[in-house]
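A closer look at the structure
Spelled out from the first residue to the last, the chains are:
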Amino acid sequence: MAARSPVLSSRPFRFLSEPRAAGARAVGRWARTRQGEDALPLTLRPRRVYILPTRTGVGAAALLFLMLLAGLNYNNSMALMLCFLLAGVALVSMYECHRTLAGLKLHTAAAEPAFAGTSGQITLHFDNEDTRPRRLLTVGCARAEPSGFELPPATMQPVRLVYQAGARGRQRIDRLELSTAAPLGLFRAWCWLHLPLEAIIYPAPRGARALPPPSGERQGGAQHAHESGDEDWAWLRPFREGDAPRSVAWKAYAHGGPLLVANYEAPDGAHRLLDFALLHDLPLEQRLSQLTQWVLDCEHRGESYALRLPGRQLPAQHGAAQRRACLEALALYGL
């Protein structure tokens, strides 16, 4: 008998998952309409915290119901007392589970920039003003791995979770979910946070083309132009995939050394002009990726550099502010 096709065998599961996903989207739209957009700082009011029993809670409820039936059938007062006692514990745990989220404060939220196809970080600052600890808390979203944490009494602490960066540009973090199953795991309480979270996604740094030759003024003030051969040799580094063969230190390799690549620095007072027009033979996204790689290379060397895009030019500087400004310009170009 022929083996069943994996496509056919997976269809029943797809038919089951699609209505569930559609239902989740409908509930998400309803929650956003009901709550609206959140503004920071945010205090979680009890009316926006939802709670349902977990599978463990449903199983415990079924056992308590069977215990109740048995106690009534056999008129066993000890069984009935134990049943009511455990039901009381379950109700108290439901109240405590809901109370773990109600009243919690979120002061700040920020999504750090990331390169396309990599992971970025979201930082949230929660504040527990209660005298009791808040345990078994979890926060996550559709593009982020859930992060578990606990808040001691009267404590504010940062919570970090990792999100997956998509294509370059602005990436909106639509909704965060904060949940808990404390204290006994019988109930799960959760709330949705619709925050103004937006991350800048830089182009992926790719490309093996050599940096443009440095140009500019020396500290003495004389104007000059440099060819690539006028750069000063700085150091050797291990060979990386994509490095140009002409930059390899072949003499050292011929003498039995490892495969190394020579790095050069621009003369004092010179800078490199990273011009969009230099890459006219490449598609748009490859141009932006190569420019991103050049920005990182210049920062690694500690060199000043300018970025020229159609309709915009950033003056020559170096440092964290220059790196961020250039990468943001590349990320948002044409969008």
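Residues numbered from 1 in each chain as written. Predicted model: local features only at pLDDT ≥ 70, side-chain atom pairs only at ≥ 80, totals over all residues. Heavy atoms only, no water.

1. Notes on the overall build of the chain
Secondary structure assignment for the chain yields 6 helices and 19 strands. Within the chain, buried positions represent 36% of all 335 residues. Across the chain, the fraction of contacts at a sequence separation of at least 24, relative to all contacts at a separation of at least 6, is 65%. Approximately 19,600 Å² of the chain is accessible, and the part contributed by carbon and sulfur atoms is 59%. (Helix = DSSP H or I, 4+ residues; strand = E, 2+ residues; numbered from the N terminus. Buried < 20%, exposed > 50% of the residue type's maximum accessible area, 1.4 Å probe, protein only. Contact = heavy atoms within 4.5 Å. Areas by Shrake-Rupley, 256 points an atom, 1.4 Å probe, with all protein chains shown as cover.)

2. Considerations on helix α5 (residues 284–301)
Here α5 spans 26 Å end to end across 18 residues, near enough to the 26 Å set by a 1.5 Å rise per residue. Taken together, the buried positions of α5 are R287, L288, S289, Q290, L291, T292, Q293, W294, V295, C298 and R301. The first or second residue beyond α5 is G302, which carries a positive phi of 75 degrees. (Expected span 1.5 Å × (residues − 1).)

3. Quick notes on the packing of aromatic side chains
Within the structure shown, the criterion is met by 6 aromatic pairs. Between F115 and Y202, the aromatic rings sit 5.5 Å apart at their centres with planes inclined by 65 degrees, giving edge-to-face as the arrangement. Of this pair, F115 sits in strand β4 (residues 114–115) while Y202 sits in strand β12 (residues 197–202), and the two are 87 residues apart along the sequence. A relative accessible area of 17% places F115 in the buried class. On the basis of an interplanar angle of 45 degrees and a centroid distance of 5.3 Å, the ring pair of F276 and Y333 is categorised as tilted. (Phe/Tyr/Trp six-rings, centres within 6.5 Å; stacked < 30°, edge-to-face > 60°.)

4. Describing a nonpolar patch on the surface
On the surface, L82, L85, L86, V89 and L184 cluster together into a nonpolar patch covering about 430 Å² of accessible area. Mapped onto the fold, L184 is located in the loop between β10 (176–180) and β11 (187–193). (Patch = residues over 30% accessible without salt bridge, like charges linked within 9 Å, V, L, I, M, F, W, Y side chains within 5 Å. Salt bridge = Lys/Arg side-chain N within 4 Å of Asp/Glu carboxyl O.)

5. Side note on the packing of helix α2 (residues 55–74) against helix α3 (residues 77–101)
α3 packs onto α2 with a crossing angle of 155 degrees between their chain directions and a minimal axis gap of 8 Å. One way to sum up the angle between α2 and α3 is to call them roughly antiparallel. At the point where α2 passes α3, the crossing takes the left-handed sense. Contacts between α2 and α3 involve L64, M67, L68, G71 and L72 from the former and A79, L80, L82, C83, F84, L86 and A87 from the latter. (Axes fitted to C-alpha atoms, helices over the stretch in contact; angles between N-to-C directions. Parallel < 35°, antiparallel > 145°, perpendicular 65-115°, else oblique. Left-handed = near helix turned anticlockwise from the far one by under 90°.)

6. Comments concerning the sheet that holds β12
Pairing within the open sheet is mixed, and its 3 strands lie in the order β4-β12-β9. Bordering the open sheet on either side are β4 and β9 (169–173), each of which pairs with just one other strand. Packing of helix α6 (residues 320–332) onto the sheet brings it into contact with β4, β9 and β12, and relative to β12 it is tilted by some 90 degrees. (Pairing = 2+ DSSP bridges.)

7. Some details on the pairing of strand β17 (residues 270–275)
For β17 and strand β18 (residues 305–309), the ladder comprises 4 bridges, and the chain directions are parallel. Among the inter-strand pairings, L273 is bridged to a residue of β18, identified as A306.

8. What about the pattern of salt bridges?
Inspection of every chain in the model, using the stated rule, returns 14 salt bridges. Among the salt bridges present, the one from D275 reaches R308, with a minimum N-O distance of 3.2 Å. One end of the pair, D275, is in strand β17; the other, R308, is in strand β18, and 33 residues separate them in sequence. Between E328 and R324 there is a salt bridge; the shortest N-O distance is 3.3 Å.

9. Things to note about the confidence of the model for the chain
Detailed reading of predicted coordinates is not advised where the pLDDT is low. Per-residue pLDDT for the chain averages 84, and the proportion of residues at 70 or more is 84%. Taking the mean pLDDT of every element in the chain, the minimum, 39, falls on strand β14 (residues 223–225) and the maximum, 96, on β4. Every residue in residues 5–10 scores below 50 in pLDDT, and together they form 1 contact with partners more than four places removed in sequence or on other chains. In the model, residues 217–230 has pLDDT below 50 throughout and makes 25 contacts with residues more than four positions away in sequence or in other chains. (pLDDT = per-residue confidence, 0-100.)

10. A closer look at the pairing of strand β6 (residues 134–141)
Where β6 and strand β7 (residues 144–151) come together, 5 bridges link them in antiparallel fashion. Paired with L137 across the bridge in β7 is F149. Between the end of β6 and the start of β7, which pair antiparallel, lie 2 residues.

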